[in-house]
There are 2 protein chains.
Amino acid sequence: MRIAVDAMGGDHAPALVVTGAVQAARDLGMQVILVGRQEAIQAELAKHDTSGLQVAVHHASQVIEMDEHPAAAVKAKKDSSMTVGLDLVKRGEADAFFTAGNSGGALAAALFRLGRIRGILRPSISTIFPSLTPSGFCFLLDIGANADCKPDYLLQFAMMGSIYAERVLGVTTPRVAIVSNGEEEGKGNQLVQETVPLLRASKLNFVGNAEGKDIPWGLADVVVTDGFTGNVIVKLAEGVSRLILDVLKQELMSRPVTKVGALLSKPAFNSVKRRLDYREYGGAPLLGVDGVVIIGHGRSDAMAIRNGVRLAAQTVENGVLDAIKHGLAGYQALAETPPE
Amino acid sequence: MRIAVDAMGGDHAPALVVTGAVQAARDLGMQVILVGRQEAIQAELAKHDTSGLQVAVHHASQVIEMDEHPAAAVKAKKDSSMTVGLDLVKRGEADAFFTAGNSGGALAAALFRLGRIRGILRPSISTIFPSLTPSGFCFLLDIGANADCKPDYLLQFAMMGSIYAERVLGVTTPRVAIVSNGEEEGKGNQLVQETVPLLRASKLNFVGNAEGKDIPWGLADVVVTDGFTGNVIVKLAEGVSRLILDVLKQELMSRPVTKVGALLSKPAFNSVKRRLDYREYGGAPLLGVDGVVIIGHGRSDAMAIRNGVRLAAQTVENGVLDAIKHGLAGYQALAETPPE
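Because the structure is a prediction, the values reported are computed rather than measured.

The rules behind these values
Residues numbered from 1 in each chain as written. Chains lettered and ligands numbered in written order. Predicted model: local features only at pLDDT ≥ 70, side-chain atom pairs only at ≥ 80, totals over all residues. Heavy atoms only, no water. Helix = DSSP H or I, 4+ residues; strand = E, 2+ residues; numbered from the N terminus. Rg over C-alpha atoms; globule rule 2.2 N^0.38 Å. Buried < 20%, exposed > 50% of the residue type's maximum accessible area, 1.4 Å probe, protein only. Contact = heavy atoms within 4.5 Å. Buried area = accessible area lost by both parts, 1.4 Å probe. Salt bridge = Lys/Arg side-chain N within 4 Å of Asp/Glu carboxyl O. Polar contact = N/O pair within 3.5 Å; in protein donor to acceptor, adjacent residues only side chain to side chain. Nonpolar A, V, L, I, M, F, W, Y, C, P; charged D, E, K, R; others polar. Domains from an automatic or database assignment. Least-squares fit on C-alpha atoms with pLDDT ≥ 70 in both. Axes fitted to C-alpha atoms, helices over the stretch in contact; angles between N-to-C directions. Parallel < 35°, antiparallel > 145°, perpendicular 65-115°, else oblique. Left-handed = near helix turned anticlockwise from the far one by under 90°. Phe/Tyr/Trp six-rings, centres within 6.5 Å; stacked < 30°, edge-to-face > 60°. Lys NZ or Arg CZ within 6 Å of the ring centre and 35° of its normal.

Bringing the overall build of chain A into the picture now. Counting its regular elements, chain A contains 12 helices and 11 strands. Taking 20 Å as the expected radius of gyration for a compact globule of 340 residues, we find that chain A reaches 20 Å, a close match to that expectation. Overall, the C-alpha framework of chain A stretches about 65 × 60 × 35 Å when taken along its three principal axes. Scored against the burial criterion, the 340 residues of chain A give a buried share of 59%.

Here it is, written out as structure tokens:
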């Protein structure tokens, strides 16, 4: 298993990316190829004991910055760590690519270097979202690759999400729901109303509409939506969680009695924080491109990077890419969808 | 101040609606007109001491149930408590209408009986959302009246929301943001990208895009979005809050030490719960119709009903309706928007 890691991507690159990648190599026994400015990476590597570990460096002279316009930056910087890392996957020199850099850039570079899987209309960025399902998670997509979607896209997202939930999260016949503004059939915006019949006609285990409140409450294993709504969902959940825990902390610290209470309650707080922590799974799979690509949170620390690399390896091991390629044919309604 | 209250609307009608309305009459010294099946209302009123209170009953023989198709039910049931209550407002026999019933029904009935304010393209359901603004809230709209929106609608929602935030929440020159999938200008789906220039050109205090995480963190006093996304936001926030507090409770109760901690921490938990509690403000103003209408949560208990009636009174007192009517002319970009 060889994972190419964008050493220059993320708010804490290259330092914590290198740390996390070294941890992945050590803890999980995998081969990691750090892609980016050789000198900077070597300087970071020198801080770690890498003897016996399979950590390689692959030079790339340019960096796509977090605030750059994705498509323009990818076009202008032919020797960026993203483009070079994805080329390793394309040439079969790496099995997957992980980046915590500019997510729009990762999407553009992946489309440009790897292309879409034949028959897939649009790639989708997906995330593992905390939910009271038996697995403790649901798989939510799209969370930002496509702000405006068509019904066919959502159908394909549901299909790719089902395969991912089955293969990587180990959920058999995952329950699929579509985000809507009401549980009742017939509710929804135009996009939802046009997508529901396609989902019903497919071979997916479609369980209907999910309201916002249903997503964390375990109604479905795969939750499908357009990239605009999905992005708002992920970021709102993050904002609300942080707000509640912060306000609670403030309140607890405001009185001596509750301060003692807080101290005694700490293990419970930590357990809840862990359940909500994106660093536990470390990344968002970019599905639909012809290669395994995992996009990490820009704020990723070493632990998030390590777990993102692990997720990339799990995605490869479980044959998600081939399953999507072959799965396309298996989903009835998709069979009639011609490639764009 | 005379508030017509739909005695038949909500999961706990008529019992808790009557209780809440009586509390409003007692605590706030206002006149309440309970609209619905006279016998049922009288039976509930008999359980309360209403001597000296201004509580009237206005008979309506029909009820729009929670699960009925809104428009069809409103058309079929000419003597529903909603239609009759709204007619009291139309005829000037009440200053406002409050209902915790079928919100789609309330919207349809209000459009049917009161109509839109001249020049307003679409009414909007808005909500007071907990946020770290100086007021402790932001005003979020639309949360469900219009699943699919046009840029002009959002501009008007922003204008109506600003007026409401100014008049009722007491925020001077409220900061207005639009929900998007990225803070940077240029981010957004087609609707957002087309709306932003209108907001910039208006006289509103437009501060740019709000990501999901920014909404609870106080970026803006007025947050505007389409009714699909707004509905998902409100319900997701509810779901995530409940999940965190429930999981935290479970975790706290799982060990003797944290159990003690939980007991000592209780005041802090209660304070946070109160900040998140929809019952504190009691309802969602329906803006853009030609009359004051407040829609309560279907699960409203007596306290929520009482506070919803109070919100209706505050909306009347602060002259929101006239301000919207006159405000339309004041917002430059709107001046060119012809009524539909």
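Contacts between the two partners involve 52 residues from chain B and, on the opposite side, 54 residues from chain A. In this assembly, chain B packs against chain A so that about 4,700 Å² is buried in total across both faces, 74% of it on carbon and sulfur atoms. On the surface where chain B and chain A come into contact, there are two salt bridges. A salt bridge links K235 of chain A to E211 of chain B; the shortest N-O distance between them is 3.3 Å. Viewed at the interface, chain A and chain B are joined by 11 residue pairs in polar contact (both at pLDDT 80 or more). Elements represented by at least two residues in the side of chain B that touches chain A include exactly α7 (190-201), α8 (227-253) and α9 (256-276) of chain B. The dominant element in the side of chain B that touches chain A, judged by the number of residues it contributes, is α8 of chain B, at 20 residues. When the residues that make up the side of chain B that touches chain A are grouped by side-chain class, the tally is 28 nonpolar, 15 polar and nine charged.

A word on the domain arrangement of chain A. Residues and elements named next belong to chain A. The assigned domain composition of chain A is domain 1 (1-120 + 288-320 + 328-340) and domain 2 (126-280). Here the C-alpha centroids of domain 1 and domain 2 sit 24 Å apart. Contacts between domain 1 and domain 2 engage 27 residues on the former and 22 residues on the latter. Of the roughly 2,100 Å² buried between domain 1 and domain 2 on both sides combined, carbon and sulfur atoms contribute 61%. Between domain 1 and domain 2 we count one salt bridge in total. For the salt bridge of R299 with E238, the shortest nitrogen-to-oxygen distance reads 3.1 Å. The tally of links from domain 1 across to domain 2 stands at four residue pairs in polar contact (both at pLDDT 80 or more). Broken down by secondary-structure element, the contributors of at least two residues to the side of domain 1 that touches domain 2 are α10 (302-317), α11 (320-330) and α12 (332-335). Ranked by residues supplied to the side of domain 1 that touches domain 2, first place goes to α10 with seven residues. Split by residue class, the side of domain 1 that touches domain 2 holds 11 nonpolar, 12 polar and four charged.

These two copies of the chain differ by a rotation about an axis and a displacement along the same axis. For the pair chain B and chain A, the best superposition has an RMSD of 0.0 Å and corresponds to a rotation of 180° with a translation of 0.0 Å parallel to the axis. On this basis, the relationship between the two copies can be described by a two-fold rotation axis. Across chain B, the smallest distance between a C-alpha and the rotation axis is recorded for G261 of chain B, namely 1.9 Å. Of the interface residues in chain B, 100% have counterparts in chain A that sit at the interface too, so the contact is made through matching surfaces.

What follows concerns the packing of helix α1 (residues 15-28) of chain B against helix α10 (residues 302-317) of chain B. Packed helices, taken two at a time, are described by their axes: the angle between them and the distance between them. Residues and elements named next belong to chain B. Axis separation between α1 and α10 bottoms out at 7 Å; the angle between their running directions is 50°. The orientation of α1 with respect to α10, classified from their angle, is oblique. Relative to α10, α1 is oriented so that their crossing is right-handed. Mapping the contact onto sequence places L16, V17, T19, G20, A21, Q23, A24, D27 and L28 in α1 and A302, M303, I305, R306, V309 and R310 in α10.

On to the packing of aromatic side chains, then. Enumeration over the complete set of coordinates arrives at three aromatic pairs over all chains. Taking 4.7 Å as the distance between ring centres and 10° as the angle between the ring planes, the aromatic pair formed by F139 of chain A and Y164 of chain A counts as stacked. Of this pair, F139 of chain A sits in strand β6 (residues 137-141) while Y164 of chain A sits in helix α6 (residues 151-167), and the two are 25 residues apart along the sequence. In this pair, the class of F139 of chain A matches that of Y164 of chain A, namely buried. For the cation-ring pair, R242 of chain B lies above W217 of chain A, with the distance from its terminal atom to the ring centre recorded as 4.6 Å.

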